[in-house]
Amino acid sequence: MTTPVPLKSPQGHYPKCPSKSHFPVITGFVTPGSDFPPPHPLDASISLDVFDPTEFVGPGQYERIRVVETDTPFLIEVNWCICGQFAESICGCWEITFFLDDVDGVGPSSGQLPNSTRAVAVDSQPAVPGTTDDVTKRCYNLQVTIPANTVQPGAYSLLVIIKLYSGDCPPQPGKVLGDYLGFAEIPVLVFVPE
Amino acid sequence: MAGCHQSERSEAVTPREPRQSTSADHTGDDFQKIAGIGQAIERRLHDAGILTYQDLAVRTPEQIAARLTDVAGLSSARIASQDWAGQAGRLVGPSASPLPSEPDQTYASFHIELLLDVDGSVRRTKVHYYQSEKDSEKDEAWPGWDEGRLIALLRGHIPLLAPRQPAEAPRQPAEAPGPPSSATPTTDQQETAAASGSEMETAKLPVSLPSSFLRIENLGLTRAGQRIHRHAPGEPASIGFTLHVTQASTQAATFDFTADVTASSELGDNQRQLLGTAQGAVRAGEPLPVELAGPPLPRGLYRLEATVAIYPADHTRDSKPLQSRRTTGAFVQVADVPAQPVPTPT
C-alpha cells in the first residue's frame, strides 16, 4: 500500500468567470402541437424566478435571490407564453401550483407550497401577432408572494407546474387537459434563518 | 375556429385565495366522528366551507383534497381509502338527499393482496372491501388464485358489474341475424357513446378474452393512402387505422366489428365531433386496414379517438360485444398551409 502524495497544484482548470450572472432553471412546456414538424402550430415556453420584495436593485426592480431569509417574504414570478397560430384559439383555465423539495431529504417544508395555487383565465390575455419572429404569442405573468416563516431553513428545489383545465376558472375549472404541461424548476433555493 | 366556444370572461389574473373565515365564524358537524379526521383536518374542512356531514358526503375525494391542499400528507387516495364521504353519508342518515349541484357518484374501494411464491404462483388471495358496513363482509381470503371467484366478489359489491338477470334481458325482441344498424349515430347517440366509452370497456370485457385480443393501431388522418397530420379547412376528413384481432383457439376465426371515430378538440373548448362509423368483418390474425371519410373539421387542433366493438360473426342487433376498446390516435391540425419559404437567390 502506497501513501498518496499531496498534490501541489490543481490538476484541472479553474472555471471561467461568467460574463453575466447565470441562474439556471430547468424548464419545459408540452402542448398538443409540440410534436408537429416546424412551424409548430402550438408551442409554449416558461420561466421562473425568485425575488426579494423588500430589496430594490433599480426602479421597480426587485433583487433576484437564491438565498431567502426565513423571516422575510419572498416573491415567485412565473412567465409563460403560448405561441403559434392556435394560440388565440385556446380556452380554459391555467392552474399554477408550486412545490418545494428538500434537498437534504428531511426538511419539514417539502411538498406543495401552502396557499400558493393560483388560477389564471386563458382569455385574460390577448393573443398578439409576432413582430420579429412572426409568431403569434399569448403571454402571462404571475407573481405570488409567500409570507415570511412559511418555509423552514434548509436547501430546497422549487418547482412550478402549469396545467390547463377545459372549463372556466374556479369555481368550475372542468377537466384537466392531459396534453398540456408546463414546468420549471430552480434546482437550489436556500432558506436561512436571519 | 376563431376564439373559444365558451362564455365570455373578463377576469384577469384571478388568485384562488383560501376562504378568509375562521373556524370561530361558524359551527359545523363533528367530523371527528369520522375515522381518519382529527381536530386539525376538521378545522380545515370547516374553514373551507365544508360544514355538515352532507357537505362532505356529496363530494368526491378529489374535491375534498382540493380544498385541503395545505395539509401535508393528505391525498385523494387516502380520503378514498378511508371513505370519508361514505362515513359522512351514514352519519347524515338515509333521508338526506345529495345537493343537486354535485355529481352523484360513489366509490367502491378494494384492496387486493396476493401472496406470491418464488416461482410467481399465487399462494393466497385476500380482498378487503372498504365500504362494507358489516365487518364480517369486509375481508375475504382463499388459497391460490381463483379468477372467477375474484370477479364474482367484485360483482357482488358493484351492482353495475352484476350479470344481467333474465328479467333485464333485451327489451326488444331479437331480430334476424344481421349486421348492426348502419345509420350514422345522432349527436345525442354520439355523446352517449363518448361518455360511456371507457366504462364500456370494463363492464363488457369477458374475463376469458385477454386484453390484447383487440388492438387498434395507426389511427390518423390520411390522404391518398399516406398518413398526414394536417388538413386544410374545408377538406373532408379521411381517417385510417389498422384493426388487429388476436387468433385465439377458443374463439371463431371471423368477427363483426363496428368503429366510431371522433375528433376531440385540444384547445380547451370541450368540442368533440363524430367523423364517421365503419363496420364490417375482421379475421383473427389478419390485420385489417380500415378507411372512413367524414365531414370537414373546423380550424383547430384535434386528437382522434376510435371506439371499436367486436361481436360474434352474424350477431344480432342486441348482441353484447365480445370486447370493446377505445384508443386515442395522432394529433391532427386543421389549418391553413403555411406560406412556402422564399427561395434564396443564388
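In what follows, the structure referred to is the one given above.
No experiment lies behind these values; they were computed from the predicted model shown.

Calculation notes
- Numbering of residues starts from 1 in every chain and runs along the sequence as written.
- Think of it this way: whatever chain is written first is A, whatever ligand is written first is 1, and the rest follow in order.
- It should be noted that, the model being predicted, local features are given only for residues of pLDDT at least 70 and side-chain atom pairs only at 80 or more, the latter also being counted only at that level, while totals for whole chains, interfaces and linings use all residues.
- Helix numbers and strand numbers start at the N terminus; a helix is a DSSP run of H or I with at least 4 residues, a strand a run of E with at least 2.
- We call a residue exposed when 12 or fewer other C-beta atoms sit within 10 Å of its C-beta, buried when the count reaches 20 or more, and partly exposed for counts in between; the C-beta positions come from the backbone.
- Pairing between strands is defined by DSSP: at least two bridges between them are needed.
- Note on geometry: axes are lines fitted to C-alpha atoms, helical ones only across the stretch in contact, with angles between N-to-C directions running from 0 to 180 degrees.
- C-beta atoms are first placed from the backbone for all residues, and any pair lying within 7 Å is then listed as a contact.

A. Structural view of the overall build of chain A. Along the backbone of chain A there are zero helices and 11 strands. Across the 194 residues in chain A, those meeting the buried criterion constitute 32%.

B. Inspection of the sheet that holds strand S9 (residues 137-146) of chain A at higher detail. Residues and elements named next belong to chain A. Read from one edge of the open sheet, four strands run S3-S2-S5-S9, paired in antiparallel fashion. Unpaired on one side and paired on the other, strand S3 (61-64) and S9 mark the two borders of the sheet. Strand-to-strand twist in this sheet, taken as the mean axis angle between neighbours without regard to direction, amounts to 40°. Alignment of strand S2 (residues 43-58) against strand S5 (residues 74-83), held across nine bridges, turns out to be antiparallel.

C. Just the environment of A:Pro193, in detail. All names here are of chain A. Here proline 193 shows up in the segment after strand S11 (181-192). Residues proline 193 and glycine 154 lie 39 residues apart in sequence; the distance between their C-alpha atoms is 9.1 Å. Excluding anything up to four places from it in sequence, proline 193 contacts Thr70 and Pro153.

D. Quick look at helix H5 (residues 84-92) of chain B. Among all positions of H5(B), only B:Trp84, B:Ala85, B:Gly86, B:Gln87 and B:Ala88 are buried. As for H5(B), its buried residues are in contact with helix H2 (53-57), helix H3 (61-67) and helix H4 (76-82) of chain B.

E. Just the environment of B:Glu286, in detail. Note on placement: B:Glu286 falls in the loop between strand S10 (272-283) and strand S11 (288-294). C-alpha separation for the pair B:Glu286 and B:Val245, spaced 41 residues apart in sequence, amounts to 7.3 Å.

F. Inspection of the sheet that holds strand S4 (residues 139-143) of chain B at higher detail. Residues and elements named next belong to chain B. The sheet built from three strands is open, its strands ordered S2-S3-S4 with antiparallel pairing. Edge positions in the open sheet fall to strand S2 (110-116) and S4, since each of these has one partner strand only. Going across the sheet, the axis of each strand differs from the next one's by a mean of 10°, ignoring polarity. In this structure, S2 lies alongside strand S3 (residues 122-129), joined through seven bridges in antiparallel fashion. Its bridge partner being in S3, leucine 114 is matched across the sheet by threonine 125.

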